[in-house]
Amino acid sequence: MAGACRVSFHPDAADGPAATGAAGAAGADSELRSVAVRQGLSIGLATGAYGISFGALAVVGGLSVWQTVALSALMFTGASQFAFAGIFAVGGSPLAAVTTSTLLGLRHVSYGALLAPTLRPMPPFKKMVAAQLTIDESTAVALAQPTRDSRRAGFWSAGVSVYVLWNAFTLVGALAGSRIGDPNAWGLDAAAAAAFLGLLWSHLKTPHARWTALVAGTLTLALTPLLPAGLPLLVAAAAAVAIGEWSRK
Amino acid sequence: MMWWIALLTAALFSFVIKFAGHLIPEKWLAHPAVKRTADLLTVCLLAALVAKQTLTSGATVAFDARVPAVAVAAVLLWRKAPFIVVVAVAASVAAGLRALGWG
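In this text, all values refer to a predicted model and were calculated from it rather than measured experimentally. (Residues numbered from 1 in each chain as written. Chains lettered and ligands numbered in written order. Predicted model: local features only at pLDDT ≥ 70, side-chain atom pairs only at ≥ 80, totals over all residues.)

Caption draft 1: Molecular detail of the overall build of chain A. Counting its regular elements, chain A contains 12 helices and zero strands. Going from N to C terminus, chain A has its helices and strands arranged as α-α-α-α-α-α-α-α-α-α-α-α. Look at the contacts in chain A between residues 6 or more apart in sequence, and 74% of them connect residues 24 or more apart. (Helix = DSSP H or I, 4+ residues; strand = E, 2+ residues; numbered from the N terminus. Contact = placed C-beta atoms within 7 Å.)

The structure is reproduced here in structure tokens:
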């Protein structure tokens, strides 16, 4: 359904307030919004439940329950949190933990820039909330939508639901500690992978897009053993964009 | 105490990085070439996320129950199944294979 109802919309065609004028367009708009919200909530559930493994791992590694909960609430970006807790667990230095988690978060600069045209204008406080909710999942859901309204709906539904569930499940994991089983036994990792594929799907209509996507995916795999976690994603995407731009000429 | 300071510092840096992207001036982003590149970056970012989430485990490339699960998801997407169905079926396939002792 997500793919089907997008077919008739060019990404730019329904942008802006003009599209909400006619009654038919308004109906289509609210349909697009609810598709975006459903996608956001699905991802929120699949990703949020993963917080349980972070909570358990951090506490087993020696962080206190409060420190574990603070990491999810304040840092709120999976890869950086796992790195911080991991460095603590193996007796690394605080400086190494700060440096590594910060490096892993660098990709978020580009996320903010990609989201800005959709989310602006925002009052300063809302902008700060949006910044805190700017993560892989909320950015992916937002950018996968065809109109400005549905992009906003996707960003906020994914961002808020991941935030709430990630923090709730972090607490559950932290309290349960090592008694928690492996969340992958429920297939949550595959659910997140399928969700990202679902978001990518509607962007693969042209051969150029399919080819560029293949380059990005392959580069990610090639760079994974070479760079610290979080960076292969950014470097691969950036390189694939460069190749894509070059091959378009 | 040392670790609380480290934690709060790292969290602050994380927020500043996220916030910085949202503060990039409007006119830098309005340029048509920037918009075209942003659209391409969306495709690349999503494709990189799919590859990472399907085929990597920590710093290694891994082939496990996620691969058949995502293959089933691809078939469902091709058949235009609803998003939530695709996600739920992928989770069930991976959970089922693991319950049987594979991946």
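Caption draft 2: Here's a closer look at the overall build of chain B. When you go through chain B residue by residue, the secondary structure sums to five helices and two strands. Going from N to C terminus, chain B has its helices and strands arranged as α-α-α-β-β-α-α. A compact globule built from 103 residues would reach a C-alpha radius of gyration of about 13 Å, whereas chain B, at 20 Å, exceeds it by more than 25%. Projected onto the principal axes, the alpha-carbon positions of chain B cover approximately 50 × 50 × 25 Å. The buried share among the 103 residues of chain B stands at 43%. Within chain B, contacts between residues at least 6 apart in sequence are counted, and of these 34% link residues at least 24 apart. (Rg over C-alpha atoms; globule rule 2.2 N^0.38 Å. Buried ≥ 20, exposed ≤ 12 C-beta atoms within 10 Å, placed from the backbone.)

Caption draft 3: Representation of helix H4 (residues 66-78) of chain B. For H4(B), which comprises 13 residues, the first-to-last C-alpha distance of 18 Å matches the rise-based estimate of 18 Å (1.5 Å per residue) to within 8%. Considered for burial, the residues of H4(B) that qualify are Arg66(B), Ala69(B), Val70(B), Ala73(B), Leu76(B) and Leu77(B). Across the axial projection of H4(B), the buried residues extend over an arc of 110°, all falling on one side. In H4(B), the exposed residues that point more than 90 degrees away from the buried face are Val75(B) and Trp78(B). Residues of H4(B) that are buried make contact with helix H10 (188-201) of chain A together with helix H3 (32-55) and helix H5 (83-99) of chain B. (Expected span 1.5 Å × (residues − 1). Arc of directions from axis to C-beta.)

Caption draft 4: Spotlight on the interface of chain A and chain B. Each partner contributes residues to the interface: chain A has 79 residues there, and chain B has 62 residues. Looking at the side of chain A that touches chain B, the element that brings in the most residues is H10(A), giving 14 residues. The residue inventory of the side of chain A that touches chain B, partitioned by class, reads 51 nonpolar, 22 polar and six charged. (Nonpolar A, V, L, I, M, F, W, Y, C, P; charged D, E, K, R; others polar.)

Caption draft 5: Summary view of the domain arrangement of chain A. Residues and elements named next belong to chain A. Taken domain by domain, chain A comprises domain 1 (4-15 + 22-186) and domain 2 (204-249). Computed over C-alpha atoms only, the centres of domain 1 and domain 2 are separated by 22 Å. Every element with two or more residues in the side of domain 1 that touches domain 2 is listed here: helix H4 (78-89) and helix H5 (94-105). Broken down by element, the side of domain 1 that touches domain 2 gets its largest block of residues, three residues, from H5. Here the side of domain 1 that touches domain 2 is composed, by residue class, of five nonpolar, one polar and one charged. (Domains from an automatic or database assignment.)

Caption draft 6: Highlighting the nonpolar core. Ranked by internal contacts, the top residues of the largest apolar core, which has 107 residues, are Ala190(A), Ala194(A), Phe196(A), Ala237(A), Cys44(B), Leu46(B) and Ala90(B). Beyond its immediate chain neighbours, meaning those up to four positions away, Phe196(A) contacts Ala140(A), Leu46(B), Leu49(B), Val50(B) and Gln53(B). (Core = buried A, V, L, I, M, F, W, Y, C linked by C-beta atoms within 7 Å.)

Caption draft 7: Representation of the domain arrangement of chain B. Per the domain assignment, the segments making up chain B are domain 1 (1-55) and domain 2 (63-103). With centres defined by C-alpha atoms, the gap from domain 1 of chain B to domain 2 of chain B works out at 29 Å.

Caption draft 8: Structural context of the packing of helix H2 (residues 51-60) of chain A against H4(A). Residue and element names in this part refer to chain A. It is the contact of H2 with H4, at a shortest axis distance of 9 Å, that shows an interaxial angle of 15°. In terms of orientation, H2 lies roughly parallel with respect to H4. Of the two elements, H2 crosses H4, and the hand of that crossing is left-handed. In this structure, H2 contributes Phe54, Leu57 and Ala58 to the contact, and H4 contributes Gly78, Gln81, Phe82 and Ala85. Residues belonging to the contact of H2 with H4 are distributed by class as follows: five nonpolar, two polar and no charged. (Axes fitted to C-alpha atoms, helices over the stretch in contact; angles between N-to-C directions. Parallel < 35°, antiparallel > 145°, perpendicular 65-115°, else oblique. Left-handed = near helix turned anticlockwise from the far one by under 90°.)

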